[in-house]
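Structural overview
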Amino acid sequence: MISILIIEDDNDIRENTSELLELEGYATLTAANGKIGLEKIKSNMPDLILCDLRMPEMDGFTVLSHLGKYPDLKRIPFVFFSAKSEKLDIKTGIEAGADGYLVKPFEFKDLLSIIEKCLYKIKRSSS
């Protein structure tokens, strides 16, 4: 079963996203901030990470940069989701190494689409 870690400080968004993804057949892990998210990544490596950009304790850019220090963690597809919707914000997120960027509020079908693209990319590179 594919596991997805959701790092999001807004409890409603985190729990609703987790519930919807579980209904689609994914296993989910959740973290309320980047610091907790990093601990979960290291203890139970997910197949994909969805991460808010702005959070207390550790923001999404910091999480992504920490992952870049570990070759096995660096390969995990990483998607930002954020209320920051300017083209420059999106460009900055992608240039930082994210595999995708969703603007909140997002449609669930768009989230599923980006997840499927990331998982397909992994499948292709491992075959």
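Conventions and cut-offs
- Residues numbered from 1 in each chain as written.
- Predicted model: local features only at pLDDT ≥ 70, side-chain atom pairs only at ≥ 80, totals over all residues.
- Heavy atoms only, no water.
- Disulfide = S-S within 2.5 Å.
- Buried < 20%, exposed > 50% of the residue type's maximum accessible area, 1.4 Å probe, protein only.
- Axes fitted to C-alpha atoms, helices over the stretch in contact; angles between N-to-C directions.
- Helix = DSSP H or I, 4+ residues; strand = E, 2+ residues; numbered from the N terminus.
- Parallel < 35°, antiparallel > 145°, perpendicular 65-115°, else oblique.
- Left-handed = near helix turned anticlockwise from the far one by under 90°.
- Contact = heavy atoms within 4.5 Å.
- Nonpolar A, V, L, I, M, F, W, Y, C, P; charged D, E, K, R; others polar.
- Pairing = 2+ DSSP bridges.
- Right-handed = clockwise from strand over helix to strand, strands pointing away.
- Core = buried A, V, L, I, M, F, W, Y, C linked by side-chain atoms within 4.5 Å.
- Polar contact = N/O pair within 3.5 Å; in protein donor to acceptor, adjacent residues only side chain to side chain.

Applying the stated rule across the entire model yields zero disulfides. With no disulfide of its own, Cys51 lies 13 Å from the sulfur of Cys118, the closest cysteine sulfur. Under the relative-accessibility criterion, Cys51 is labelled buried at 0%.

With that settled, consider the packing of helix α2 (residues 34-43) against helix α3 (residues 60-67). One can describe the packing of α2 onto α3 by two numbers: an axis separation of 9 Å at closest approach and a directional angle of 25 degrees. Here α2 is positioned roughly parallel relative to α3, judged by the angle of their axes. Of the two possible hands of crossing, α2 and α3 adopt the one that is right-handed. Between α2 and α3, the contacting residues are Gly34, Leu38 and Ile41 on the first element and Val63, His66 and Leu67 on the second. The class makeup of the residues in the contact of α2 with α3 is four nonpolar, two polar and no charged.

Glancing now at the pairing of strand β4 (residues 78-82). Most of β4 is tucked away: five of the five residues are buried. Burial along β4 is two-sided: Phe78, Phe80 and Ser82 facing one way and Val79 and Phe81 facing the other are all buried. In terms of strand pairing, strand β3 (residues 48-52) meets β4 through four bridges, oriented parallel. Bridge assignment links Leu50 to a residue of β4, and that residue is Val79. Bridge count for β4 against strand β5 (residues 100-103) is four bridges, and the pairing is parallel. From the neighbouring strand, Val79 faces β5, where its bridge partner is Gly100. Each parallel crossover has a hand, and for β4 linked through helix α5 (residues 87-95) to β5 it is right-handed.

With that settled, consider the nonpolar core. Among the nonpolar cores identified, the biggest contains 19 residues, and Ile7, Ile41, Ile49, Val63, Leu67 and Phe78 are the most heavily contacted of them. Of all elements in the fold, only β1 (3-7), α2, β3, α3 and β4 reach the threshold of two or more residues within this core. Among the elements that take part in this core, α3 stands out by supplying three residues, more than any other. Contact partners of Ile41, with chain neighbours within four places excluded, come to Leu5, Ile7, Pro46, Ile49, Val63, Leu67, Leu73 and Ile76. Of all hydrophobic cores here, the second largest spans 15 residues; its members include Ile4, Leu21, Phe81 and Ile114.

Positionally, Lys104 belongs in the loop between β5 and α6 (108-126). A relative accessible area of 16% means that Lys104 is categorised as buried. Side chain to side chain, Lys104 and Glu8 meet in a polar contact 2.9 Å long. Residues contacting Lys104, with those up to four places away along its chain left out, are Glu8, Ile13, Asp52, Phe81, Ser82 and Ala83.

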